[in-house]
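Single-letter residue listing:
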Amino acid sequence: MPYAEPLTPEQIDERLAALPGWAVSEDGRTLSRTYRLPHVRAAIFALHIAGIQDELNHHSDLTVGYDTLNVAVTTHAAGSRLTTKDFDLATRIAAVAPGHGVE
Ligand SMILES: C[C@H](O)[C@H](O)[C@H]1CNC2=NC(N)=NC(=O)C2=N1
């Protein structure tokens, strides 16, 4: 069983529709979202996400800005394509975002 199979464009569209605010890059390889929140809250949110990522063993690039947190994820083991693991991680992040005061 491979780590995860790349999703088709139709599958990507279907999963993205369930993730308001998230976007897929032009090349179809990266799923991302930028949250706007005060600096320290952004860093706290990043720490929470890091724990989820270790639990799922699937890791995004987290960028803490002055008043933003950017989450960008792809599945490296699938040739940096999008797989269900990317969308499963985004779904978990979206579920805990309200607790950090962001949608
Ligand atoms: C060995 C370990 O399971 C792999 O390196 C995991 C870790 N986290 C990962 N994260 C992401 N985004 N893609 C991967 O292919 C991946 N692989």
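The name that an unreviewed UniProt entry assigns to the protein is Putative pterin-4-alpha-carbinolamine dehydratase, with the source organism given as Actinacidiphila acididurans. Recorded under Catalytic activity (unreviewed entry), the UniProt text for the protein is reproduced unchanged: "(4aS,6R)-4a-hydroxy-L-erythro-5,6,7,8-tetrahydrobiopterin = (6R)-L-erythro-6,7-dihydrobiopterin + H2O". Taken verbatim from the UniProt record of the protein, the Sequence similarities (unreviewed entry) comment is "Belongs to the pterin-4-alpha-carbinolamine dehydratase family."

A. The overall build of the protein, seen in detail. When its secondary structure is counted, the protein shows 3 helices and 4 strands. Each helix and strand of the protein, placed in order from N terminus to C terminus, yields the pattern α-β-β-α-β-β-α. At 13 Å, the protein has a C-alpha radius of gyration in line with the 13 Å of a compact globule built from 103 residues. Dimensions of the protein, computed from C-alpha atoms along their principal axes, come out at roughly 40 × 25 × 20 Å. Buried residues in the protein amount to 36% of all 103 residues. Sequence-distant contacts, at least 24 apart, represent 64% of the contacts inside the protein between residues at least 6 apart. As displayed, the protein offers around 5900 Å² of accessible surface, 55% of which is attributable to carbon and sulfur atoms. Considering the protein, the positive charge centre built from 8 side chains and the negative charge centre built from 13 side chains are found 4 Å apart.

B. Representation of the sheet that holds strand E3 (residues 61-64) in the model. Taken in spatial order, the 4 strands make up an open sheet running E1-E2-E4-E3, and their pairing is antiparallel. Strands with a single pairing partner mark the edges of an open sheet, and in this sheet they are strand E1 (23-24) and E3. Where strand E2 (residues 31-36) and strand E4 (residues 68-73) come together, 6 bridges link them in antiparallel fashion. In the sheet register, Thr34 faces E4, and the bridge partner there is Asn70. Most of the contacts of helix H2 (residues 39-56) go to E3, to which it runs at about 165°, and overall it touches E2, E3 and E4.

C. A look at the environment of His76. Note that His76 resides in the loop between E4 and helix H3 (84-96). For His76, a relative accessible area of 56% gives the class exposed. Along the chain, His76 and His58 lie 18 residues apart, while their C-alpha atoms are 9.5 Å from each other.

D. Region of the structure containing the nonpolar core. Counting 23 residues, the largest nonpolar core has Trp22, Leu31, Tyr35, Phe45, Leu69 and Ile93 as the members making the most contacts within it. Within the residue set of this core, elements represented by two or more residues are E2, H2, E4 and H3. Sequence-distant contacts of Leu69, that is, excluding residues within four places in its chain, are made with Arg33, Thr34, Tyr35, Leu37, Ala42, Phe45, Ala46, Ile49, Leu62, Thr63 and Val64.

E. The arrangement of the site of the ligand in detail. Taken together, 8 residues form the shell around the ligand, and within it Asn57, His59, Thr74, His76 and Ala77 come nearest. Side-chain polar atom of His59 to a nitrogen atom of the ligand: 2.9 Å apart, as the coordinates give it. Contact between the ligand and His76: a nitrogen atom at 3.2 Å from a main-chain N or O atom of the residue. For the ligand, whose accessible area on its own is 400 Å², the fraction buried by protein is 64%. Among the residues making up the shell around the ligand, the classes are represented as 2 nonpolar, 6 polar and no charged.

Analysis parameters
- Residues numbered from 1 in each chain as written.
- Predicted model: local features only at pLDDT ≥ 70, side-chain atom pairs only at ≥ 80, totals over all residues.
- Heavy atoms only, no water.
- UniProt positions renumbered as here; feature names shortened; annotations may be inferred.
- Helix = DSSP H or I, 4+ residues; strand = E, 2+ residues; numbered from the N terminus.
- Rg over C-alpha atoms; globule rule 2.2 N^0.38 Å.
- Buried < 20%, exposed > 50% of the residue type's maximum accessible area, 1.4 Å probe, protein only.
- Contact = heavy atoms within 4.5 Å.
- Areas by Shrake-Rupley, 256 points an atom, 1.4 Å probe, with all protein chains shown as cover.
- Lys, Arg positive; Asp, Glu negative; His and termini not counted.
- Charge placed at Lys NZ, Arg CZ, Asp CG, Glu CD.
- Pairing = 2+ DSSP bridges.
- Axes fitted to C-alpha atoms, helices over the stretch in contact; angles between N-to-C directions.
- Core = buried A, V, L, I, M, F, W, Y, C linked by side-chain atoms within 4.5 Å.
- Near = heavy atom within 4 Å.
- Polar contact = N/O pair within 3.5 Å; in protein donor to acceptor, adjacent residues only side chain to side chain.
- Nonpolar A, V, L, I, M, F, W, Y, C, P; charged D, E, K, R; others polar.

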